[in-house]
Amino acid sequence: MKKPDSIGWKDVAWNGIRFQAPLDWEIGRIGIRYLMLENDTGPVLEIKWGPVRGHFSHRTQLRRLARLQKKRLGTSVTATPLPPAWKEALSAYQIFGFSWAGETIAGSGVISYCPSCRNASLIQFYHKDFRTVGKTAQRLLASFRDPCRNEPVLWCIFDIRAVIPEKFRLVSYRFEPGKFELIFSAKGQKITLYRWGPASVFLSRRDLIRFAETMVRLPPGEPQDAIPTGPKAIEWEESPSPASLRRWWNPMKAKSVFHRFRIWHLEEKNRILGIQAEGKKPFDPCIFEKICAEYESV
Amino acid sequence: MNLFKIHRKETRISRTEALQCTPVKNMHVAEERLETGEILLSYPVTSRPWIAGLAKRLGIPQDSSRLKKLQLDILGTTVWDMMDGRRTASQIIQAFAEKYRLYPKESEVSVTRFLRELGKRGLIGLR
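Residues numbered from 1 in each chain as written. Chains lettered and ligands numbered in written order. Predicted model: local features only at pLDDT ≥ 70, side-chain atom pairs only at ≥ 80, totals over all residues. Heavy atoms only, no water.

1. Quick notes on the overall build of chain B
No. 1: Secondary structure summary: chain B contains 5 helices and 5 strands in total.
No. 2: Burial analysis of chain B (127 residues in total) assigns 34% to the buried set.
No. 3: Considering only intrachain contacts with a sequence separation of at least 6, the fraction spanning at least 24 residues in chain B is 64%.
No. 4: Accessible surface for chain B amounts to roughly 9200 Å². Of this, 54% is attributable to carbon and sulfur atoms. (Helix = DSSP H or I, 4+ residues; strand = E, 2+ residues; numbered from the N terminus. Buried < 20%, exposed > 50% of the residue type's maximum accessible area, 1.4 Å probe, protein only. Contact = heavy atoms within 4.5 Å. Areas by Shrake-Rupley, 256 points an atom, 1.4 Å probe, with all protein chains shown as cover.)

Put into structure tokens, the structure is as follows:
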């Protein structure tokens, strides 16, 4: 493995957690609160996290992990003292080290717990020799942040980067070749992030408006030019007239009545990005603009 | 214990080894380039032996020169053109990602899925 300083690093941020990882570590498996990163040789890093209700015990978590590991790989997990560098990197957390060794691969990891936000994380590195991951793991752990802070949440996965208000929770996601989709919701409001590529192929026989019509359920009405600071964008918006009877009736309707969709083409990246906001209540235009401005393909 | 279970010897190769394989086109596949730039592939199809046997018993004539056609879209055409018998799957993935400025993993998933589909139809083999 190369020295950590000689390789490029990238941000990974998913559902509250964030860290830096070597450029050649790719997302192999993904879940709502789970990430598995792999490189050419196979899995290299696994992270699970979640909120803790009630009392948290590292030993209980270790026993649970040991049972799981025994079932999955037939190996025994043992508590292991952590290297001082790891302890320093995770000094803000209560931590507990563990390791295991299989026939062809071994693992070293840490169970961390943040008492202030009551979030626990399991981070484990897969390796053949612990010395090969030492420095890389140290830098990665030093950059690790869990979903503690009451601030907008960064999402940085594959080639998309977005910042979403903290109140919105991820409800579903799809990463398929050519199409990425992330859906967030909060109190009757829904935001959907889209990313399509390669744009040169999608737009070879139709313009952006026709493309949007075939890919998304659009609000009724004619598209308009949006006024973003970045690339040319097209927008559709549906908002019912503010008559008092309608205002009373809207929250009782099952279907969203406020609907806004913006789509734009990033020529230099060969991507198309889109954001859809729906809800029974009108969506704050400032928040919508902020999400659009911070949504990008890196 | 299942005495009748057929034990096939599994030859599993790693992801790295699989990506180092070179896809080679089946020489019985005819390709026609359409006006749109896309490619139309025609390949002979043979009936499964038990279907052919059943058809023979029932007196149904068997067309031995049955051709099946497959039209590739522009992305499929690009990958098909990149298969020159020299480039490995890994090199095709890289070239495909560069051509369309795709994220490497996205390119890998789409190219390997496409190669697998072509392999299932017998249009390519891996060397």
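Additional details are given in the paragraphs that follow.
2. Here we look at the interface of chain A and chain B
No. 1: Listed by partner, the interface residues are 24 residues for chain A and 15 residues for chain B.
No. 2: Between chain A and chain B, a total of about 1500 Å² is buried, with carbon and sulfur atoms accounting for 50% of that surface.
No. 3: Taken together, chain A and chain B are joined by 4 salt bridges.
No. 4: Two residues, Glu106 of chain B and Arg195 of chain A, come together in a salt bridge whose shortest N-O distance is 2.4 Å.
No. 5: Counting across the chain A and chain B interface gives 10 residue pairs in polar contact (both at pLDDT 80 or more).
No. 6: A breakdown of the residues in the side of chain A that touches chain B according to their chemical character gives 6 nonpolar, 5 polar and 13 charged. (Buried area = accessible area lost by both parts, 1.4 Å probe. Salt bridge = Lys/Arg side-chain N within 4 Å of Asp/Glu carboxyl O. Polar contact = N/O pair within 3.5 Å; in protein donor to acceptor, adjacent residues only side chain to side chain. Nonpolar A, V, L, I, M, F, W, Y, C, P; charged D, E, K, R; others polar.)

3. Quick word on the packing of helix α3 (residues 74-82) of chain B against helix α5 (residues 104-120) of chain B
Residue and element names in this part refer to chain B.
No. 1: Across the interface, α3 lies against α5 with an axial gap of 11 Å and an inter-helix angle of 75°. By the angle between their directions, the pair α3 and α5 is classed as roughly perpendicular. Between α3, through Gly76, Val79 and Trp80, and α5, the contact on the second element is made entirely by Val111, Phe114, Leu115 and Leu118.
No. 2: In terms of residue class, the contact of α3 with α5 is built from 6 nonpolar, 1 polar and no charged. (Axes fitted to C-alpha atoms, helices over the stretch in contact; angles between N-to-C directions. Parallel < 35°, antiparallel > 145°, perpendicular 65-115°, else oblique.)

4. A few points about the sheet that holds strand β7 (residues 94-101) of chain A
No. 1: In space, the 7 strands of this open sheet follow the order β3-β4-β5-β9-β8-β7-β6 (chain A), with antiparallel pairing throughout. The open sheet has two edge strands, β3 (26-31) and β6 (78-79) of chain A, and neither has a second partner. (Pairing = 2+ DSSP bridges.)

5. Overview of the sheet that holds strand β13 (residues 179-186) of chain A
Residues and elements named next belong to chain A.
No. 1: What the 7 strands build is an open sheet, ordered β12-β13-β14-β18-β17-β16-β15; its pairing is antiparallel. What marks the edges here is a single partner per strand, and that holds for β12 (169-176) and β15 (224-225).
No. 2: Alignment of strand β16 (residues 233-238) against strand β17 (residues 258-266), held across 6 bridges, turns out to be antiparallel. If you follow Ile234 over to β17, its bridge partner there is Ile263.

6. Observations regarding the pattern of salt bridges
Where charged atoms from two side chains of opposite charge come close, those side chains can pair.
No. 1: All told, the structure shown has 27 salt bridges over all chains when counted by the stated rule.
No. 2: A salt bridge links Glu235 of chain A to Arg260 of chain A; its shortest N-O distance comes to 2.8 Å. In this pair, Glu235 of chain A sits in strand β16 while Arg260 of chain A sits in strand β17, placing the two residues 25 residues apart along the sequence.
No. 3: Residue class for Arg260 of chain A comes out buried when judged on its relative accessible area of 11%.
No. 4: A salt bridge links Arg15 of chain B to Glu108 of chain B; its shortest N-O distance comes to 2.9 Å. Of this pair, Arg15 of chain B sits in helix α1 (residues 15-19) while Glu108 of chain B sits in helix α5, and the two are 93 residues apart along the sequence.

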